[in-house]
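Chain residues, written in single-letter form:
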Amino acid sequence: MKIHEYQGKAILKEFGVPVPAGDVADTPAQARGIAQRLGGRVVVKAQVHAGGRGKAGGVKLADDAAGAEAAAKQILGMMLKTPQTPPEGIKVLKVLVEEASPIATELYLSMTLDRGRGTHVVMASQAGGMEIEEVAATHPEKIIREWTDPALGLQPFQARNLAFGLGLAGEQIKQAVALILSLFRAYLEKDCSLAEINPLVVTKDGRVIALDAKLNFDDNALYRHKDIVALRDVNEETPLDVEASKYSLNYIKLDGNVGCMVNGAGLAMATMDIVKLAGGEPANFLDVGGGASPEQIENAFRILSSDPSVSPRSRSSGSSSRWCCGPRVPTSSRARRCWPSRGSRW
């Protein structure tokens, strides 16, 4: 699950991570009011679940409240298109208005799970403000990593190593160490799958602050974070994703025209591989799970069939322990009648 930047910054602030003062607005008039309260120069930022907003025109500086209102008028309602959005873009419904920070240096900081090592990894780089994938591909030596002990977590000496690696000195090292440890605590306590600050900045007056915030959460842990679930913005998700989540179905839209419905993520991946090897293109990843009910199967078929990109003759249904009927039976009947005992093969 993803949340907006302004929501992520509110969470980080709770854990003591310094962030710029600001507030969210969904009308130009609200943006003007926030800018008046903040005083001075402000930045108006489109709130969408995608990076690259600045290059796409979704981030604008304003010298005063009137400028903030004008910037909000330009951004709100626009279809923001970045490499991380669908081709048609995402409609901007909210903007974050916050104080402009006098930037001296842009850095990078993130933490996630290293599945290869089976533990958390904290990554930092002096190449802030850039896509970290680009840095990893072109200058991997610029990325510093610290792996945590699963029992001990991130230790202060590791945070200091990261701060030194970022080229900080003096008081800024103390600030950075405190920020890194606070971010890691938020990452663990909120069951994040990713916590990223890009850029982490050093201001001209010597402060180390999170200028941006990206938090993604482990869907499997959301049952114990009702406050996080309440932050979900379905406007940022495709209608089919939203519909699938109502029935606890794992659904991801892809670009092909062969619809796939499988129980078991491993078998789903293998099914998509087979489709690709046969010259086709999967239209989706749809895992109904090993203990799916007839109602879940029925709704999975309905969701798959409602995708206009799926060819009526190109649907693949697979299971390691159950089978599905042929395409001549109506969807609802097929879902309810075809529920054989375990051990049947597809």
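Visitor: What am I meant to see in the overall build of the protein chain here?
Guide: Along the protein chain, the regular secondary structure elements total 11 helices and 16 strands. Taking contacts inside the protein chain between residues at least 6 apart in sequence as the whole, the part at least 24 apart equals 64%. Of the roughly 17,300 Å² of accessible surface on the protein chain, 53% is carried by carbon and sulfur atoms.

Visitor: Honestly, the packing of helix H5 (residues 156–165) against helix H6 (residues 171–189) in this entry has me stumped. Any pointers?
Guide: Helix packing geometry: the angle between the two helix axes and the distance between the axes. Packing of H5 against H6 leaves a shortest axis separation of 9 Å and a crossing angle of 125°. When the interaxial angle is binned, H5 and H6 end up oblique. Here the hand of the crossing between H5 and H6 comes out right-handed. Side by side, H5 and H6 meet where Pro 156, Ala 159, Arg 160, Leu 162, Ala 163 and Phe 164 of the first sit next to Ile 173, Ala 176, Val 177, Ile 180 and Leu 181 of the second. Its residues assigned to classes, the contact of H5 with H6 shows 10 nonpolar, no polar and one charged.

Visitor: Help me out: how do you make sense of the nonpolar core in this one?
Guide: Soluble, globular proteins show a tendency: their nonpolar side chains are buried together. Leu 12, Leu 109, Leu 183, Ile 197, Leu 200, Leu 215 and Phe 217 are the most contacted members of the largest nonpolar core, which has 38 residues in total. Counting residues per element, the ones that place at least two in this core are helix H1 (5–14), strand S7 (103–114), strand S8 (119–125), H5, H6, strand S10 (192–203), strand S11 (208–210) and strand S12 (214–217). Broken down by element, the residue count for this core peaks at nine residues, all from H6. Contacts of Ile 197, omitting those with residues within four sequence positions, involve Leu 12, Val 17, Leu 107, Tyr 108, Leu 109, Leu 179, Leu 183, Ala 210, Leu 211 and Asp 212.

Visitor: Just to check I follow, could you spell out the side chain of Lys 45 for this structure?
Guide: With respect to the helices and strands, Lys 45 occurs in strand S2 (residues 42–46). We classify Lys 45 as buried; its relative accessible area is 8%. In this structure the side chain of Lys 45 is engaged in a polar contact, spanning 2.7 Å, whose partner is the side chain of Glu 5.

Visitor: Looking at this structure, I do not really get H5. What am I missing?
Guide: The α-helix winds at 3.6 residues per turn, so residues separated by three or four positions along the chain end up facing the same way. For H5, the set of buried residues is Gln 158, Ala 159, Leu 162 and Ala 163. Buried residues of H5 fall within an arc of 140° about the axis and therefore sit on the same side. As for H5, its buried residues are in contact with S8, strand S9 (143–147) and H6.

Visitor: For this particular structure, what's the right way to read unusual backbone geometry?
Guide: A negative phi angle characterises most non-glycine residues, just as the trans form characterises most peptide bonds. Of note, the bond from Asn 198 into Pro 199 is cis; its omega dihedral lies within 30 degrees of zero at 15°. Mapping Pro 199 onto the fold places it in strand S10. At Asp 191, a residue that is not glycine, the phi angle is positive and equals roughly 55°. The residue Asp 191 is located in the loop between H6 and S10 in this model. Residue classification places Asp 191 among the buried residues on the basis of a relative accessible area of 17%. Even without being a glycine, Ser 248 presents a positive backbone phi close to 55°. By the element assignment, Ser 248 lies in the loop between helix H8 (239–246) and strand S13 (250–253). Overall, the relative accessible area of 57% leaves Ser 248 in the exposed class.

Rules used in this analysis
- Residues numbered from 1 in each chain as written.
- Predicted model: local features only at pLDDT ≥ 70, side-chain atom pairs only at ≥ 80, totals over all residues.
- Heavy atoms only, no water.
- Helix = DSSP H or I, 4+ residues; strand = E, 2+ residues; numbered from the N terminus.
- Contact = heavy atoms within 4.5 Å.
- Areas by Shrake-Rupley, 256 points an atom, 1.4 Å probe, with all protein chains shown as cover.
- Axes fitted to C-alpha atoms, helices over the stretch in contact; angles between N-to-C directions.
- Parallel < 35°, antiparallel > 145°, perpendicular 65-115°, else oblique.
- Left-handed = near helix turned anticlockwise from the far one by under 90°.
- Nonpolar A, V, L, I, M, F, W, Y, C, P; charged D, E, K, R; others polar.
- Core = buried A, V, L, I, M, F, W, Y, C linked by side-chain atoms within 4.5 Å.
- Buried < 20%, exposed > 50% of the residue type's maximum accessible area, 1.4 Å probe, protein only.
- Polar contact = N/O pair within 3.5 Å; in protein donor to acceptor, adjacent residues only side chain to side chain.
- Arc of directions from axis to C-beta.

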